[in-house]
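# Analysis of the macromolecular model
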Amino acid sequence: MEKKELWDKCLSEIELNISKANFTTWFKNTYIIKEDSGVIHVGVPNEFVKDWLYNKFHKLILKTLIGNDETIRGVEYSIHKHDPKNENKTDEGVVVKKAINITKELPLNDLYLNKEDNLNPKYNFNSFVVGPFNELAYAVAQAIISNPGQNYNPFFIYGGTGLGKTHIIQAIGNTIKINHPLKKIYYVSLERFTIDYINSIQNKNPNSFKEKYRKYDVIIMDDIQFISGKDKTQEELFHLFNTLYESNKQIIFSSDKHPNFIQGLEERLQSRFASGMTVQIVEPDYESRVAIIKAKFESTNCIIEPEIVSSLAESLEGNIRELEGSLNTVICQSQLKNRSLTLAEVKLLIKNNIRPKKTVAIKDIVKIVADYYGLAEEVIYEKTRRKEIVRARQVAMYLLREDFNISYPLIGQKLGDRDHTTVIHSHLKIKVDLKTDPSLLQEIEKIRIMFK
Ligand code: ADP
Ligand code: MG
């Protein structure tokens, strides 16, 4: 889209969102001067308008721009006196500005991105909940923050959508920024990286691209799964990776899949990605959901009864983004009514957000586990006490309980009519072994991937 066309389109949308008086006062004589690596520079007639747009309409403007072009990641406002249309209008604005004392302190805003490093300051570890579902990722994150580039390089974090990958990798960046102010950090989505690369080719300036990405001490690349099938980008990333890695620069990737399962990924990249620390984030368990719900309510100063917390935590399984969506509905209603909601009201409100519990055929899970260990499916159900079969059976029981929440008695009954205490014992055994046996952890992660 041309600059003018884009801005006209945005203006027509903004006009619908604010009063006519506001619109004519603040948006007339504005236009897009240029776009520079995803940042739109909006020309405004004077400083007063500039401050006003930034303080009052920044979020709306950015949102509208992104709605029309998703590659946009920031807006800046500059006074542009050279546009002939604006020339006569600067003075009165400046006068008004003197009369009103405008606060220059800009509110931290969800959409505010730092131009230098692309990080969003809303992602930090302050209200970040750590539980069994993400504690390994968190521990690695803390180690990287103390010593970027030293131990866990690259750090590859993967897991389903809405589980906190972007949050954790951005929070690493934001924290390194505070603890190591001299380090140059850059966060980029794979899509943005690809666009940058294509632009550099089109502008016949591939070296600018190479130089840009090679100057950072910490590179954070989000949603790397989108690299599948992009051969040229893979080639560039491969060389970039080697250069950064050899000079001990920290590299962090996120993906919705384990590197071995990203379709159309060159083998040499696959092995690079998995050569450092590879950690999965899974869906939060019940206790972690309780903690997330409490944290979210605390941050909005809403009061919530413990019975409502547990009820929400029970019904809102799945990913954190969906969970936040449901909580927002509850918080909004409560603010609207200006009181805490009753349990019945909350239940009614979130009825639509509850996903049906994962249904699973126990047989399918057993088959996946047996296949993984190269065993015949039947042996899992039989009474055999052969060591490798016992192990596979324990893993199957562990996963049925841990990931699918199936009751101990039912697991026992389905897996060859065993007593529920056997299942409890197996579950616990794997749980304990996992703490000391990283290869078991890897096995279980690989099996989990096959559930998807
Ligand atoms: P992903 O990148 O894996 O799709 P996000 O990082 O975007 O997921 O997380 C989704 C939402 O959940 C975000 O609003 C994020 O702030 C929130 N969130 C994720 N993990 C946590 C956590 N451990 N504690 C609190 N909030 C979290
Ligand atoms: Mg993400």
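Residues numbered from 1 in each chain as written. Chains lettered and ligands numbered in written order. Predicted model: local features only at pLDDT ≥ 70, side-chain atom pairs only at ≥ 80, totals over all residues. Heavy atoms only, no water.

### Some remarks on the site of ligand 1
Taken together, 16 residues sit near ligand 1, with V129, G162, T166, H167 and E324 positioned nearest. Interatomic distance of 2.7 Å between a backbone N/O atom of G162 and an oxygen atom of ligand 1. Between ligand 1 and the protein, one listed contact pairs an oxygen atom with a side-chain N or O atom of E324 at 2.7 Å. Coverage of ligand 1 by the protein chains reaches 90% of its 560 Å² of free accessible surface. Tallied by class, the residues present in the shell around ligand 1 amount to five nonpolar, eight polar and three charged. (Near = heavy atom within 4 Å. Polar contact = N/O pair within 3.5 Å; in protein donor to acceptor, adjacent residues only side chain to side chain. Areas by Shrake-Rupley, 256 points an atom, 1.4 Å probe, with all protein chains shown as cover. Nonpolar A, V, L, I, M, F, W, Y, C, P; charged D, E, K, R; others polar.)

### Focus: the sheet that holds strand β3 (residues 74-79)
Overall, mixed pairing links the three strands, which are arranged β1-β2-β3 in an open sheet. Each of the sheet's edge strands pairs with one partner strand only, and the pair in question is β1 (31-36) and β3. Taking the axes of each pair of neighbouring strands and ignoring which way they run, one obtains an average angle of 25 degrees across the sheet. In the sheet, strand β2 (residues 39-44) pairs with β3 via six bridges, with the strands oriented parallel. (Pairing = 2+ DSSP bridges. Helix = DSSP H or I, 4+ residues; strand = E, 2+ residues; numbered from the N terminus. Axes fitted to C-alpha atoms, helices over the stretch in contact; angles between N-to-C directions.)

### Describing the nonpolar core
Core analysis: the largest hydrophobic core is formed by 43 residues, its most contacted members being F155, I172 and L312. Here this core spans two domains, and each of domain 2 (135-280) and domain 3 (292-353) adds at least three residues to it. When neighbours within four sequence positions are excluded, I172 is seen to be in contact with F125, A141, I144, I145, F155 and I252. Listed in part, the 28 residues of the second largest apolar core include A392, A396, F404 and L434. (Core = buried A, V, L, I, M, F, W, Y, C linked by side-chain atoms within 4.5 Å. Buried < 20%, exposed > 50% of the residue type's maximum accessible area, 1.4 Å probe, protein only. Domains from an automatic or database assignment. Contact = heavy atoms within 4.5 Å.)

### Structural notes on helix α8 (residues 206-214)
Three or more residues of α8 are buried, namely F209, K212 and Y213. What you see down the axis of α8 is that its buried residues fit within an arc of 85 degrees, all on one side. Contacts from the buried residues of α8 go to β5 (185-189), α7 (190-202), β6 (218-222) and α9 (231-246). (Arc of directions from axis to C-beta.)

### Some thoughts on α9
The terminal C-alpha atoms of α9 lie 23 Å apart, and with 16 residues this matches the ideal 22 Å at 1.5 Å per residue to within 8%. Turning to α9, its buried residues number three or more, namely T233, Q234, E236, L237, F238, L240, F241, N242 and L244. In the core, the buried residues of α9 are packed alongside α7, α8, β6, β7 (250-255) and α10 (267-273). Directly beyond the C-terminal end of α9, a positive phi value near 55 degrees is found at N248. (Expected span 1.5 Å × (residues − 1).)

### Examining the sheet that holds β6
One open sheet holds the five strands; their spatial order is β5-β6-β7-β4-β8, and the pairing between them is parallel. The strands lining the two open edges of the sheet, one partner per strand, are β5 and β8 (277-280). Within the sheet, the average angular offset between the axes of one strand and its neighbour, ignoring direction, is 15 degrees. Pairing of strand β4 (residues 155-158) with β7 involves four bridges; the strand directions are parallel. Paired with F156 across the two strands is F253, which belongs to β7. Each of β5 and β6 is contacted by α7, which is oriented at about 95 degrees to β5, the strand it contacts most.

These values are about where atoms sit, not about what they do.
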